Amino acid sequence: MNNPKVIDVLVIGAGPSGTALAIDLVRRGLDVRIVDRAPHAFDGSRAKGVQPRSLEVLEDLGALNDVLAGGSTYPKLGLHAGPLAVPWKMFPHKEATPDVPYPNTWLIPQFRTDRALHARLSELGCAIEFGRELTELTQDEDTVVAKVTGTDGTEEIVARYLVGADGGSSAVRKQLGVGFVGTTDDSDRMLIVDASVTGLTRDRWHMWPGRSGKLVGACPLPDSDMFQWMIRLTPDEEPPSTKNDILSRIHDHTHNRRIQLHGIHWKSVFRPNIRLAESYRRGRVFLAGDAAHVHTPAGAQGLNTGIQDGYNLGWKLGQVLAGADPKLLDTYEAERQPIAAGVLGLSTEKWGGIAKLDPSSMKRGKDEQQLTLTYYGGPLAPADGMRTRTLRVGDRAPDAELLDADGVAARLFDAFRGPDFTAIAYGHDAARDLGQLPWPTAGARLKRLTVGPAATHGLTFSDPKSTLRRAYGLTGDSLLLIRPDGYLGHIATRDFLSRTQTAVRAMTPQAKSRTMPQHSHPSPGSGATA
């Protein structure tokens, strides 16, 4: 092919990680293609837990409504011991607060999460190209060339960057020769089955523990007659494959012959891979999601960690393509690989505890919800930076309930929504300096918000219930820079202008910039300009 068109980013893999990344890139106005070797979207329930932080990300990406409509909160566990079923609260139910709008893990089969993301990507005008497999990958200083084969033959796609989000057996990772360090225990297998079921109440996630780590579980899938069955196989056991064989295996373990299966919708044998890619980047090629890390299913971490991979990488690719220092892309691995390593340890510990029938391993709390994950101490969040009473640079930026200049209730997350940076000036002096902060004309824009006490005149927002002041730990004038992925990029409690400018330079193109008129403070819905 002579002089093929060069696109900005090619994404390999249309699961949650790749699709979340593609959404973020497309909404930045980038030229993106996304291909997947499967003939159609995934049909199973596999990764069925969406954590609170992921719900916040999905809201920003515009896919949350479909996810909420397709799921529910988790039911209590029902631990079966003979004829008795003991209720066990696996997930403590929490009420929403001003700083945490989605406090509970959401139960939704993965195929619905995938389709919600696919629908959002389609709304943005980007179609997933199914049935197209990567067969060869080369790169030079400026571009990546991918050979992709489908029913219509082989095509060479040339892109400035490529991201492999193509699962644990990633063709991209193998093409790069990146090591995938860890273990796979072939003797520890779980048969996962989505089946229509009668004879079992839907108000519990049923568990039938047994000796030597034997386990059968059945989790009701919302808005259906299906359960996700989890059948732990013995080391030498041949997985049952037919409906009758699977039902017989369930009956033998549960001793409940009222249970009937009326259709198998999807099944798979799972082996607990515990692996981490040695590198997340080679030149212009990146790894994300299961291509970079695979987990046990305990704690519902894999899908959620992958979505945040894409959310972290998207804005950085956009900024570098707009002219920011390419070193910004090095921070992707530096920030995300330690997170994945920690999550691998958490899910592995939970999985081992379940095998030993340790009740504490069935509990889920803040560690799994990913609200406290931080990039503090990383390349964009130095440990010697300023902090507030509650937050450090690199921490998640909480939500808050505010009032706009007209006295109308406004969520801080509504102000954050979109592909831009946000700066929050709290107090008069910080607001003055925010008005003078130069911002590049290229790349992501800056939304400038000013917030102060309810009685203060002339600020764009007031904080009458002190929800922002408490959540952000503010004790005086402060200027906060929020990254496009919702993490604190900088905190200044003095010398607002000079200190913030230094942080801005590491994350933005620096060729041209302009200063915001001092008294122009756009509201969240106004499409704030740089």
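Preceding this paragraph is the structure being described.
What you see as residue numbers is a count from 1 along each chain, following the sequence as written. Reporting of local features is limited, given that this is a predicted model, to residues whose pLDDT is at least 70; pairs of side-chain atoms are given and counted only at 80 or more, and all residues count toward the totals for whole chains, interfaces and linings. With hydrogens and water stripped out, all remaining heavy atoms of the structure feed into the side-chain values.

### Section: the overall build of the protein chain
For the purposes of this entry, the term helix denotes a DSSP run of H or I that reaches at least four residues, the term strand denotes a run of E that reaches at least two, and both are numbered from the N terminus. Check the secondary structure of the protein chain and you find 13 helices and 30 strands. For every residue, the accessible area obtained with a 1.4 Å probe (protein chains only) is divided by the maximum for its type, and the residue is called buried under 20%, exposed over 50%, and partly exposed between those limits. A total of 530 residues make up the protein chain; the buried ones form 57% of that total. Between two residues, a contact is recorded if the distance between any of their heavy atoms is within 4.5 Å. The long-range share in the protein chain, meaning contacts at least 24 apart out of those at least 6 apart in sequence, stands at 70%. Values of accessible area rely on a 1.4 Å probe in the Shrake-Rupley scheme; residue burial ignores everything except the protein chains shown. In the structure as shown, the protein chain presents an accessible area of about 21,600 Å², 50% of it carried by carbon and sulfur atoms.

### Focus on the pairing of strand E11 (residues 153–164)
In the sheet, strand E1 (residues 6–12) pairs with E11 via six bridges, with the strands oriented parallel. The partner of Val6 across the bridge, within E11, is Val158. Pairing between strands requires that DSSP locate at least two bridges from one strand to the other. With seven bridges connecting them, strand E10 (residues 144–150) and E11 associate as antiparallel partners. When the sheet's bridge partners are listed, Val145 is paired in E11 with Val158. Counting the residues that bridge the hairpin from E10 to E11 gives two residues.

### A look at unusual backbone geometry
Phi is positive for His255, which is not a glycine, with a value near 60°. Its place among the elements puts His255 in the loop between helix H6 (243–254) and strand E17 (260–270). Unusually for a residue other than glycine, Gln370 sits at a positive phi of about 65°. Residue position: Gln370 is located in the loop between helix H9 (366–369) and strand E22 (401–404).

### Topic: the pairing of strand E18 (residues 273–277)
Sheet analysis places strand E12 (residues 180–184) next to E18, joined by five bridges and oriented antiparallel. Each residue of the ladder has a partner; that of Thr183, found in E18, is Ile274.

### Let's talk about the environment of Leu261
Within the secondary structure, Leu261 sits in strand E17. On the accessibility criterion, Leu261 (4% relative accessible area) is buried. The spacing of Leu261 and Thr198 is 63 residues in sequence and 6.8 Å in space, taken between C-alpha atoms.

### A look at the packing of aromatic side chains
Only rings of Phe, Tyr and Trp enter the pairing, Trp through its six-membered ring, and a pair is recorded when the two centres are within 6.5 Å. The plane angle decides the type: under 30 degrees is stacked, over 60 is edge-to-face, the rest tilted. Counted by the stated rule, this structure contains eleven aromatic pairs. Ring geometry for Tyr161 and Phe286: centres 6.2 Å apart, planes at 50°, overall tilted. Of the two residues, Tyr161 is situated in strand E11 and Phe286 in strand E20 (residues 285–287); the sequence distance between them amounts to 125 residues. Since its relative accessible area comes to 0%, Phe286 is described here as buried. Between Tyr280 and Tyr332, the ring centres sit 5.7 Å apart and the planes meet at 50°, which makes this aromatic pair tilted.

### Quick notes on the sheet that holds strand E13 (residues 189–198)
A sheet is described by the order of its strands in space; here seven strands give the open sequence E6-E5-E14-E15-E16-E13-E17, paired in mixed fashion. The sheet is open, and its two borders are formed by strand E6 (84–88) and E17, each paired with just one other strand. If you compare each strand with its neighbour and ignore which way they point, the axes differ by 20° on average. Relative to E17, E13 runs antiparallel, the two sharing nine bridges. Here an axis means a line fitted to C-alpha atoms, over the contact stretch when the element is a helix, while the angle between two N-to-C directions is reported on a 0 to 180 degree scale.

### Focus: the environment of Trp229
With respect to the secondary-structure elements, Trp229 resides in strand E16 (residues 226–233). Considering only alpha carbons, one finds Trp229 and Lys267, 38 residues apart in sequence, at a separation of 9.1 Å.

### Let's talk about the side chain of Thr254
Structurally, the position occupied by Thr254 is in helix H6. Polar contacts involving the side chain of Thr254 include one to the main-chain carbonyl oxygen of Ile250, which spans 2.8 Å. In this view, Thr254 contacts Trp208, Val216 and Ile259; residues no more than four positions away in its chain are not counted. Pairing of N or O atoms within 3.5 Å defines a polar contact, subject to two protein rules: one partner must be a possible hydrogen donor and the other a possible acceptor, and residues neighboring in sequence count only if both atoms are side-chain atoms.

### Digging into the pattern of salt bridges
We define a salt bridge as a contact between a side-chain nitrogen of Lys or Arg and a carboxyl oxygen of Asp or Glu at a distance within 4 Å. Per the counting criterion, the structure on display carries 32 salt bridges. Between Arg392 and Asp395 there is a salt bridge; the shortest N-O distance is 3.8 Å. With a relative accessible area of 25%, Arg392 lands in the partly exposed category. When the shortest N-O distance is used, the salt bridge between Arg499 and Asp495 registers 3.5 Å. When its relative accessible area of 34% is taken as the criterion, Arg499 is described as partly exposed. Using a relative accessible area of 44% as the deciding quantity, one classes Asp495 as partly exposed. Each of Arg33, Glu129, Arg132, Asp152 and Glu155 takes part in salt bridges that share partners, so that together they form one network.

### What about the environment of Gln228?
Within the secondary structure, Gln228 is located in strand E16. Those residues in contact with Gln228 that sit more than four places away from it in its chain are Ser45, Arg46, Lys48, Ile192, Val193, Asp194, Gly217, Ala218, Cys219 and Leu221. Polar side-chain contacts of Gln228 include one of 2.8 Å to the side chain of Lys48.

### Considering the sheet that holds strand E28 (residues 478–482)
The pairing of strands in a sheet happens through backbone hydrogen bonds and is either parallel or antiparallel. If you trace the seven strands from one edge of the open sheet to the other, you get E23-E22-E27-E26-E24-E28-E29, paired in mixed fashion. For this open sheet the edge positions go to strand E23 (409–411) and strand E29 (488–492), each flanked by a neighbour on one side alone. Examined bridge by bridge, E28 and E29 share four bridges and lie antiparallel to one another. The partner of Leu480 across the bridge, within E29, is Ile491. Of the strands in this sheet, strand E24 (421–426), strand E26 (446–452) and E28 touch helix H11 (residues 428–435), which is tilted by about 165° from E26.

### With respect to the nonpolar core
Among the buried residues, those of types Ala, Val, Leu, Ile, Met, Phe, Trp, Tyr and Cys that are joined through side-chain atoms within 4.5 Å form a nonpolar core. Grouped together as the largest cluster of nonpolar side chains are 85 residues, with contacts concentrated most on Leu10, Leu162, Val172 and Leu317. Take this core: its biggest share by element is seven residues, from helix H7 (residues 302–321). When residues no more than four places from it in sequence are discounted, the contact partners of Val172 are Ile12, Leu134, Leu137, Leu162, Gly164, Asp166, Val285 and Leu287. Counting 25 residues, the second-largest nonpolar core is a separate cluster that includes Val393, Ala397, Ala400 and Ile482.

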